[in-house]
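In case you want the letters, here they are:
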Amino acid sequence: MEDALTADPVRDRLRALACNPALPAETLLLLAGDERVGPRHVTARREWTDEAFDALATHPDPAVREALAQSPGATGEQRARLAGDLNIDVLHALLEGPHTRWAGPLPHWVHRRLAEHPERLVRDMLTFLPGTPPDVLNRLTRDPYPRIAEAARELLERKPFQEPTMGRDQAVAYASGDSPWNRAQAAADPELPAPWVRRLAADPSPRVRLAVSVRPELDEDERAAIDCPIPEDVPVPGWVVAAGPSELRRCAHSRHPLLRRGAAGHPDLPDDLIALLAGDGDPLVRSALCSHQAGAPGELVLRTYLETGDEELLAHPVFPRAGLATHPSGRPGPAVHADPSSGWAGPAGYAGYPSGRARALARLDPEAPAALIDRLSRDPDPYVRAFLADDPRLSAARVVELLADPEIHGRAAANPNLPHAQILRILAEANL
């Protein structure tokens, strides 16, 4: 959350107002043209009515349409309405998709239509941006532009992964040098001779030992014998990313955390391995599983969110919402002291937790009583108040009060219960 001393109250209220689902289309267009709001903020709402989406889909500024094509709250069917846009940047944004893990896919017909686009640059996009179906790639193998046809054929053939090599002689030269970086490159090279692999497994540099430990030909005992720390930000080896079914199974059962992390994020991970890795002792394995697998257990997704604060997980398709205001699975939560002003007293589940991030989850429970939502909107933690500020269960009077809260930067302007008089006041203060 922005620091209150540096925030621009007028700008913040305008940006929040742009996300108000009750905002008339003409007002949304007015905000879209204001430089204080900007394309990314005017398209940042959680969900779209068809009227609001269509209003911006014909906006004269291509930057607005480009941002709309990647709006995380738009459905695939809504974003598909931009498939006829005349601006190539908009089409690129459409094919690239929203920068979120759980966006709905585009309908199949969008890729088929763009495969026949007169601009070869648009057809070329289909060969390097995600989501192009195999039948569309097959059509592109007959494209008159050789570069497109060749790229489509390569994608369909899916040649087996080959670790890049610098060649045996160069790998040995690097392995025998003084540079730890060079030795680490050699340690990962597939053509490095076995005696040098064994030698580098005891290298003084932990980076070098780590590179040896993830070589695909090693068995589990050989990996376990290599003493190496595994940093959180180390990338997954390429052969794990490209693993086939048998390699993927081997990685999921590996004693090496980095291989299990790679397996957890693999797009072809089967259900039995998802279940296996859900109980993994490495938190980064569990986090990767929740970040990439739609079939991850809902309770694990919830627990991982509370551990990591990764707000992308709130949009996970199995994130449990029912019962959050009391307790997951309906179990009673910790008691909350009675608040006579709100009329709420009794079990509050996550709403009664010490963590503000946990308390805010009550906003996601469709059965949370309005009295509890009102009480949480008065929470001492500004994160909780900001998270609750756009909840439609809040009264119009409470929304007006939250709009004046300097610590939550105008977030209440996104609430659909914001009185029309307040909308006019926000616009007037902004000289709109």
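Novice: What is the right way to look at the domain arrangement of the chain in this model?
Specialist: Frequently, the measure chosen for interface size is the accessible area removed from exposure when the parts meet. Split by domain assignment, the chain resolves into domain 1 (9-157) and domain 2 (167-233). Between the C-alpha centres of domain 1 and domain 2 there is a distance of 44 Å.

Novice: Sorry, what's going on with the nonpolar core here?
Specialist: Most often, soluble globular proteins keep nonpolar side chains buried together rather than apart. With 100 residues, the main nonpolar core has L17, L31, L289 and F319 as its most contacted residues. Those residues in contact with L17, other than ones at most four positions away along the chain, are L23, L31, A413, A414, L418, I423, I426 and L427.

Novice: In this structure, what is going on with helix 18 (residues 245-252)? I would like to understand it.
Specialist: Because an α-helix packs 3.6 residues into every turn, residues spaced three or four apart end up facing the same way. All of the buried residues in helix 18 are L248, C251 and A252. Looking down the long axis of helix 18, one finds its buried residues gathered within 95° of arc, a one-sided arrangement. The inward-facing, buried residues of helix 18 contact helix 17 (238-241), helix 19 (257-264) and helix 20 (271-278).

Novice: In this structure, what is going on with the pattern of salt bridges? I would like to understand it.
Specialist: Summed over the entire model, instances satisfying the criterion amount to 32 salt bridges. Between R286 and E307 there is a salt bridge; the shortest N-O distance is 3.7 Å. Within this pair, whereas R286 is found in helix 21 (residues 283-292), its partner E307 is found in helix 22 (residues 298-308), the two being separated by 21 residues in sequence. Given the relative accessible area of 10%, R286 is considered buried. One network of salt bridges, in which partners are shared, links R46, R363, D390, D391 and R393.

Novice: What should I look at first to understand unusual backbone geometry in this one?
Specialist: Most of the time, phi is negative for any residue but glycine, and the peptide bond is trans. Residue H409 is not a glycine yet carries a positive backbone phi of 55°. Structurally, H409 can be placed in the loop between helix 26 (396-403) and helix 27 (420-429). Assessed through its relative accessible area of 12%, H409 is described here as buried. Despite not being glycine, N431 shows a phi value in the positive range, around 60°. Residue position: N431 is located in the segment after helix 27.

Novice: I would appreciate a short explanation of the side chain of D280 in the present structure.
Specialist: Within the secondary structure, D280 is located in the loop between helix 20 and helix 21. A polar side-chain atom of D280 sits 2.8 Å from the main-chain amide nitrogen of D282. Not counting the four nearest positions on each side in its chain, D280 is found in contact with R260, V285 and R286.

Each value, and the rule that gives it
- Residues numbered from 1 in each chain as written.
- Predicted model: local features only at pLDDT ≥ 70, side-chain atom pairs only at ≥ 80, totals over all residues.
- Heavy atoms only, no water.
- Domains from an automatic or database assignment.
- Core = buried A, V, L, I, M, F, W, Y, C linked by side-chain atoms within 4.5 Å.
- Buried < 20%, exposed > 50% of the residue type's maximum accessible area, 1.4 Å probe, protein only.
- Contact = heavy atoms within 4.5 Å.
- Helix = DSSP H or I, 4+ residues; strand = E, 2+ residues; numbered from the N terminus.
- Arc of directions from axis to C-beta.
- Salt bridge = Lys/Arg side-chain N within 4 Å of Asp/Glu carboxyl O.
- Polar contact = N/O pair within 3.5 Å; in protein donor to acceptor, adjacent residues only side chain to side chain.

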